[in-house]
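Observations on chain architecture
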Amino acid sequence: MNEMVRTLEPFEIKDYLRLQLMPHFMCPGCGHGIALRALLWAVHELAIDKNKLAIVSGIGCSGRVGAYIDANTFHTTHGRPLAFATGLKLARPDLTVVVITGDGDCLAIGGNHLIHACRRNLDLTCLMLNNEVYGMTGGQVSPTTSANRLTTTTPGGNAEPTFDACKLAEAAGASFVGREVTRQAMALKNVIRDGIAHPGFSFIEAISDCTEIYGRKNDLGESPEMILSQKSDMRPEAFGNVADEPFRPNRLVTGILAKQARPEYGAAYRDYAVRVKSKPGRPR
Amino acid sequence: MSHAPTALHGNHACALGAIAAGCRFFAGYPITPSSEVAEHMSRELPHVDGTFIQMEDEIASLAACIGASLGGVKTMTATSGPGFSLMQENLGYAAMTETPCVIINVMRGGPSTGMPTRPAQGDIMQARWGTHGDHPVIVVAPASVQEVYTQTIRAFNLAEEFRTPVIVLYDEIVAHLMETVSLPAKGKAEVKDRKWATGAEVGFMPYAETDDLVPVMSRPGDGHRVHVTGLTHTPDGFPTQKPELADRALRRLVDKIELNRDRIDEVEEIETADADILVVAVGIVARAARRAVEMLRAEGVKAGLLRPVTLWPFPEAQVRNAAERASVIVVPEMNTGQLSLEIERLAGRGKRIRTIHRIDGEPIGPDEIAQTIREA
């Protein structure tokens, strides 16, 4: 395909979807579709050949998003997509590898893989769809469930503190860290695009609403109410609604939160191999 | 054909076998008594444009191997009991997605942390049934350093030929035994590669039902843009829960091993043609058993040895045949009874079975086996 021509074409999401799988199985009001659209839009703007695009996902609602993308898609095991992606990217540096994961997949069962992926700084993009809940299994508490929220396993309200995934990723060494909300689809697209273009490990948190399970359980309203709440919740300074009753008590900031130049691990390993090969004699 | 014999220990021979077989990616996590495999791979792989990575745990190690294999590269990991337990979930994923990979499991004393530097054969059943669900698996069990080399190559060939994870199962003794090994000249080992799609296919089916039941594999970037999932899937790669389609997909997985047994089975039989007392043993114990059979033959006792080299799928027909001719079967093993379960299943009614079990971290010697045969 001619990449120059493609970049000039307007974004048409159907060009990037496996339409034979429609209708999709996401719940009405789920924010994951917006995140999916933002991702594909970013892919389009970067003129990435979908034959060279690999989507690696884990288990849960987020894990099922990848299958709808007309690319090389790998639906792996719970919490492990970053580990699969690490092998894939090292073996095939020519591929653009994007991991789609969720708050449970990435921060609970996959937390160890996340911090080491951040540390290595391999050229992967990790898109974590944070809906604060285990949706696929029926609405159990997750590491990002806000304080006092009701879930099927916190019937009296969540007493556990939450993770700030972006701070975690930055502290562990991710060279690009961003966060956006599904309400700001264009901004989400931009941060994903910048993350994919960044040479190194990019961690992007997309705040996505689970309306059917989490919203209903906590009386947060229908999809429009939940998505509007992101306004007062996410960018109080931008919207001047600091005093609004927030739907999420954690006032998270959005945008590109951290960016630093660090050696990309795949290139670093290949350089190491060249150095080793050039040395006379071979260790046995 | 072959280089001058070289003295190697088993874990070193394993790494050299892997490189000769075309392994170009290794992901692993340190664990006694398998760590030398990783150490040697870390030295060898950069010289053949391969990649070594030490992952954060064994779960990630096998995940990375599967990811690399899906990218089109031959991959291996190496571990021991505790790490092998952690790999079981992704082992099932490799079986379900039909992703070739080789897993080295050097058995040590268990359960749990057990006796890390001591040999055992406690993972015979874990190797077969460790991951959940009905799944196909191939396990090879070398008994010498030479065989670690050749069986590691064979493990890669079987993995590629049948698109399945293959486990190489040996124990701490074989891992650290120093023996002379004849290595084939560079590039002379028989190496098989998976069947690749050409990229020109229209309507490519990643899990098509081919004659030999092994689907052709697509390499990312070749234009097929396939979906790979651990969910039960139809030939197009997408999930299904329709009973008839699920049944068809899962039966093909099992059948591709069962119906191709002639290309997978391997047993070594010593003096079994007229054996009245049949010893069945695997790995290092089989070497002691072989010596015991030689001792007994010298005493005029008609003893014989059957050694499964391909341990799983179990050589049922071969064991039945040999067992039919014998009046007593002796099963020595370094566990409380795993191989003997298979023998009891296959030996037939009224057959006398004598077992020897050691779980004290010491090997079973020839004298111990010979004495059991004399008393049989």
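As the structure is a computational prediction, the values presented were derived from the model and not from experiment.

**Considerations on the pattern of salt bridges**
- All told, the structure shown has 41 salt bridges over all chains when counted by the stated rule.
- The residue D70 of chain A makes a salt bridge to R225 of chain B at a minimum N-O spacing of 2.9 Å. With D70 of chain A in the loop between α3 (61–65) and β2 (72–75) and R225 of chain B in the loop between β9 (178–181) and β10 (227–229), the pair connects residues from two separate chains.
- For D70 of chain A, a relative accessible area of 14% corresponds to the buried category.
- A salt bridge links E89 of chain B to R80 of chain A, with the shortest nitrogen-to-oxygen separation between them at 4.0 Å. On the criterion of chain membership, the pair formed by E89 of chain B in helix α4 (residues 81–97) and R80 of chain A in the loop between β2 and α4 (81–91) is interchain, its members lying in two chains.
- With a relative accessible area of 33%, E89 of chain B lands in the partly exposed category.
- The network of salt bridges with shared partners includes E147, E268, R290, R291, E294 and R307 of chain B.

**Observations regarding the environment of H40 of chain B**
All names here are of chain B.
- On the secondary structure map, H40 appears in helix α2 (residues 35–44).
- Separated by 25 residues in sequence, H40 and A15 have C-alpha atoms that sit 6.1 Å apart.
- Within the structure, H40 has its side chain in polar contact with the side chain of H12 (distance 3.4 Å).

**Points about the sheet that holds strand β15 (residues 328–333) of chain B**
Residues and elements named next belong to chain B.
- The sheet built from five strands is open, its strands ordered β11-β13-β12-β15-β16 with mixed pairing. One side of each edge strand has no neighbouring strand; the edge strands of this open sheet are β11 (267–270) and β16 (352–357). If you compare each strand with its neighbour and ignore which way they point, the axes differ by 20° on average.
- By the bridge criterion, three bridges tie strand β12 (residues 277–280) to β15 in an arrangement that is parallel. Directly across from V279, in β15, lies its bridge partner V330.
- Packed on one face of the sheet, helix α9 (residues 283–298) meets β11, β12, β13 (303–308) and β15 and runs near 165° to β13.
- The strands touched by helix α10 (residues 316–325) are β11, β12, β13 and β15; relative to β11, the strand with the most contacts, the crossing angle is about 15°.

**Looking at the interface of chain B and chain A**
- With 45 residues of chain B in contact, the opposing surface of chain A contributes 40 residues.
- Carbon and sulfur atoms supply 57% of the area that chain B and chain A bury against each other, a total of about 3,700 Å² over both sides.
- By the criterion of area lost to chain A, the three top residues of chain B are H47, E56 and R225 of chain B, representing 21% of everything that side buries.
- The interface formed by chain B and chain A holds four salt bridges in total.
- At the boundary of chain B with chain A, the tally comes to 18 residue pairs in polar contact (both at pLDDT 80 or more).
- Looking at the side of chain B that touches chain A element by element, the count peaks at eight residues for helix α3 (residues 58–70) of chain B.
- Looking at the side of chain B that touches chain A residue by residue, the classes come out as 21 nonpolar, 15 polar and nine charged.
- The sheet contact formed by β2 of chain A and β10 of chain B spans three bridges and is parallel.

**Considerations on the domain arrangement of chain B**
All names here are of chain B.
- Along its sequence, chain B is carved into domain 1 (6–181) and domain 2 (267–375).
- Taking the mean C-alpha position of each, domain 1 and domain 2 sit 26 Å from one another.
- Contact residues are listed per partner, giving 27 residues for domain 1 and 24 residues for domain 2.
- Inspection of the region where domain 1 meets domain 2 yields three salt bridges.
- On inspection of domain 1 and its partner domain 2, the count reaches 15 residue pairs in polar contact (both at pLDDT 80 or more).
- Those elements that place two or more of their residues in the side of domain 1 that touches domain 2 are β6 (115–119), α5 (124–129), β7 (138–140), α6 (145–162), β8 (165–171) and α7 (172–176).
- Here the side of domain 1 that touches domain 2 is built from residues that sort into 16 nonpolar, four polar and seven charged.

**A look at the pairing of β16 of chain B**
All names here are of chain B.
- Sheet topology note: the β15/β16 ladder contains six bridges and is parallel. For V330, the partnering residue across the bridge sits in β16 and is R354.
- Crossover connection from β15 via helix α11 (residues 339–347) to parallel β16: handedness right-handed.

**Remarks on the side chain of H113 of chain A**
- As for its placement among the helices and strands, H113 of chain A is situated in helix α6 (residues 111–120).
- There is a polar contact of 2.9 Å between the side chain of H113 of chain A and the side chain of E56 of chain B.
- Apart from residues no more than four positions distant in its own chain, H113 of chain A is found in contact with G79, R80, L82 and A83 of chain A together with E56, D57, I59 and A60 of chain B.

**Thoughts on the nonpolar core**
- F201 and F203 of chain A together with F25, I167 and L311 of chain B are the most contacted members of the largest nonpolar core, which totals 82 residues.
- Top contributing element to this core by residue count: α3 of chain B, with eight residues.
- Counting residues domain by domain, this core receives three or more from each of domain 1 (6–181) and domain 2 (267–375) of chain B.
- Residues in contact with F201 of chain A, not counting those within four places in the same chain, are L82, L114, A117, C118, N121, L122, D123, L124, C126, A174, S175 and F176 of chain A.
- Membership of the second largest hydrophobic core comes to 67 residues, among which are V214, I257, A281 and M334 of chain B.

**As for the sheet that holds strand β4 (residues 125–130) of chain A**
- Strand order in the open sheet made by the eight strands is β9(A)-β7(A)-β8(A)-β4(A)-β3(A)-β1(A)-β2(A)-β10(B), with mixed pairing throughout. For this open sheet the edge positions go to β9 (255–259) of chain A together with β10 of chain B, each flanked by a neighbour on one side alone. Strand-to-strand twist across the sheet, computed as the mean angle between neighbouring axes with direction ignored, equals 15°.
- Looking at chain direction, strand β1 (residues 53–57) of chain A and strand β3 (residues 96–102) of chain A are connected through five bridges and run parallel. Paired with L53 of chain A across the strands is T96 of chain A, a residue of β3 of chain A.
- Across the sheet, helix α2 (residues 32–45) of chain A lies against β1, β3 and β4 of chain A, angled at about 160° from β4 of chain A, the strand it touches most.

**Some details on the packing of aromatic side chains**
Residues and elements named next belong to chain A.
- The tally for this structure, following the rule as stated, stands at seven aromatic pairs over all chains.
- For the pair F11 and Y16, a centre-to-centre distance of 6.1 Å together with 40° between the ring planes defines the contact as tilted.
- Ring geometry for F11 and W41: centres 5.6 Å apart, planes at 10°, overall stacked. Here W41 lies in helix α2 and F11 lies in the loop between α1 (3–8) and α2, a separation of 30 residues in the sequence.
- Given the relative accessible area of 14%, F11 is considered buried.
- A residue is classified by how much of its surface remains accessible, and W41, at 21% relative accessible area, is partly exposed.
- Joined through ring pairs, the aromatic side chains of F11, Y16 and W41 make up one cluster.

Parameters and conventions
- Residues numbered from 1 in each chain as written.
- Chains lettered and ligands numbered in written order.
- Predicted model: local features only at pLDDT ≥ 70, side-chain atom pairs only at ≥ 80, totals over all residues.
- Heavy atoms only, no water.
- Salt bridge = Lys/Arg side-chain N within 4 Å of Asp/Glu carboxyl O.
- Helix = DSSP H or I, 4+ residues; strand = E, 2+ residues; numbered from the N terminus.
- Buried < 20%, exposed > 50% of the residue type's maximum accessible area, 1.4 Å probe, protein only.
- Polar contact = N/O pair within 3.5 Å; in protein donor to acceptor, adjacent residues only side chain to side chain.
- Pairing = 2+ DSSP bridges.
- Axes fitted to C-alpha atoms, helices over the stretch in contact; angles between N-to-C directions.
- Contact = heavy atoms within 4.5 Å.
- Buried area = accessible area lost by both parts, 1.4 Å probe.
- Nonpolar A, V, L, I, M, F, W, Y, C, P; charged D, E, K, R; others polar.
- Domains from an automatic or database assignment.
- Right-handed = clockwise from strand over helix to strand, strands pointing away.
- Core = buried A, V, L, I, M, F, W, Y, C linked by side-chain atoms within 4.5 Å.
- Phe/Tyr/Trp six-rings, centres within 6.5 Å; stacked < 30°, edge-to-face > 60°.

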